[in-house]
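# Analysis of the macromolecular model
Each chain, written out:
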Amino acid sequence: MTSYGSFPGSRPRRLRTTPALRRMVAETRLHPADLILPAFVREGIDEPMPIKAMPGVVQHTRDTLRKAAVEARQAGVGGIMLFGVPEDGKKDAVGTAGTDPDGILQVAIRDVRAEVGDDLVIMSDLCLDEYTDHGHCGVLDAEGRVDNDATLERYAEMAQVQADAGVHVLGASGMMDGQVGVAREALDTIGKEDVSILAYAVKYSSAFYGPFREAVGSSLRGDRKTYQQDPANVRESMRELALDLEEGADMVMVKPAGPYLDVLARVADVADVPVAAYQISGEYSMVEAAAEKGWIDRDAAILETLTGIRRAGAKMILTYWATEAARKL
């Protein structure tokens, strides 16, 4: 080797020498306002009910939900996504509790809005699965298939009662064709033009939803493969995205997050609205289970997974670690 100059001439490691230097040149940054806390509120309970498959997550009472919302706001979390869990006896074939102004989700929206006002973005799940006795996201026809257009009529009613309760953003998650346009029209008809729609534009039929079904007390029989998307497909997802944008979606979602970072990146490249991703129950539970066994560093894994989702293009991340992660940031 000759004596002039050093080898190698390019040393990327120079920019990794100290924590401060690594922090300064970081290309991806997480901020508490990027995080959204999914929260479950259950009717008819006096104390929070732990969700066995999701260690550290509970079905809230109305009082503990209010407390969780305040804690999220204090930590700087951007929003909270509310899911209602009605009493089993109130479930029926058309999800009546989902459109009852005094149903658990509508009551919870009012509770949280009264507690935090506009300081936290209050979101709600626009879907029937929590309220139907068959557990599907829509109304069934005579042959037991999900009836897309009959379901849209129910979604329109749901959109209106949730908006009347004071929600800021509707999370259109049911994966019915035309759901965004129907919800937008329903909102505008009652003078709720300022209520936004977060469209679950890309929602795959995933094995990682398992723990969530315990969280919402799902009564599902069968599967949702006729309306949730096929994990093998990407072009289909881009078509769904285009349709939701055309129908007036204010924001769009990719769900799940971790197994679909490639899809998330493609959506983020083309969408002209904010893009969210949902780090779902199975993603959460895998980290918690591995950490409980001492196989991984829990705190490092949480921040690494969230950074990966943000790096792939998500502006907002729904995560059950939202408040905890926000405090660390």
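Throughout what follows, the structure given in this document is the object of discussion. Keep in mind it's a predicted model, so treat the numbers as computed, not measured.

## Thoughts on the overall build of the chain
- The number of helices and strands found in the chain is eleven helices and ten strands.
- For the chain, the C-alpha radius of gyration of 21 Å lies close to 20 Å, the compact-globule estimate for 329 residues.
- Along the three orthogonal principal directions, the C-alpha set of the chain runs to about 85 × 45 × 40 Å.
- In the chain, which comprises 329 residues, the share counted as buried stands at 50%.
- In the chain, once contacts between residues fewer than 6 apart in sequence are set aside, the share between residues at least 24 apart is 75%.
- Working note: accessible area of the chain is about 15300 Å², and carbon and sulfur atoms make up 50% of it.
- On the chain, the mean spot of the 37 positive side-chain charges and the mean spot of the 51 negative ones are 10 Å from each other.

## Things to note about helix α5 (residues 179–189)
- Residues of α5 that are buried: Gln179, Val180, Ala183, Arg184, Ala186 and Leu187. Along α5, the residues classed as buried sweep out an arc of 165° about the axis, all on the same side. Turned more than 90 degrees from where α5 packs its buried face, Glu185 and Thr189 sit exposed.
- Its buried side turned inward, α5 meets β5 (121–126), α4 (148–165), β6 (169–172), β7 (196–203) and α7 (235–247).
- In the stretch just after α5, Gly191 is the one whose phi turns positive, near 75°.

## Some thoughts on the nonpolar core
- One finds Ile80, Leu82, Val252, Val267 and Tyr278 to be the most contacted residues of the largest nonpolar core, which totals 97 residues.
- For Val267, the residues in contact, after removing those within four places along its chain, are Val202, Met238, Leu241, Val252, Val254 and Val275.

## Thoughts on unusual backbone geometry
- A cis amide bond links Lys255 to the next residue, Pro256, at an omega of -5°.
- Within the fold, Pro256 resides in the loop between β8 (251–255) and α8 (261–270).

## Describing a nonpolar patch on the surface
- Nonpolar side chains collect at one region of the surface, where Leu15, Met24 and Val25 lie side by side and expose about 280 Å² of accessible area between them.
- Within the element layout of this structure, Val25 appears in helix α1 (residues 19–25).

## Some words on the state of the cysteines
- A complete count under the given rule lists zero disulfides for this structure.
- Left without a disulfide partner, Cys127 is nearest to the cysteine sulfur of Cys137, which lies 3.4 Å away.
- Overall, the relative accessible area of 1% leaves Cys127 in the buried class.
- Cys137 gets classed as buried once you look at its relative accessible area, which sits at 2%.

Definitions and cut-offs
Residues numbered from 1 in each chain as written. Predicted model: local features only at pLDDT ≥ 70, side-chain atom pairs only at ≥ 80, totals over all residues. Heavy atoms only, no water. Helix = DSSP H or I, 4+ residues; strand = E, 2+ residues; numbered from the N terminus. Rg over C-alpha atoms; globule rule 2.2 N^0.38 Å. Buried < 20%, exposed > 50% of the residue type's maximum accessible area, 1.4 Å probe, protein only. Contact = heavy atoms within 4.5 Å. Areas by Shrake-Rupley, 256 points an atom, 1.4 Å probe, with all protein chains shown as cover. Lys, Arg positive; Asp, Glu negative; His and termini not counted. Charge placed at Lys NZ, Arg CZ, Asp CG, Glu CD. Arc of directions from axis to C-beta. Core = buried A, V, L, I, M, F, W, Y, C linked by side-chain atoms within 4.5 Å. Patch = residues over 30% accessible without salt bridge, like charges linked within 9 Å, V, L, I, M, F, W, Y side chains within 5 Å. Salt bridge = Lys/Arg side-chain N within 4 Å of Asp/Glu carboxyl O. Disulfide = S-S within 2.5 Å.

Remember that the coordinates give geometry; whether it matters functionally is a separate question.
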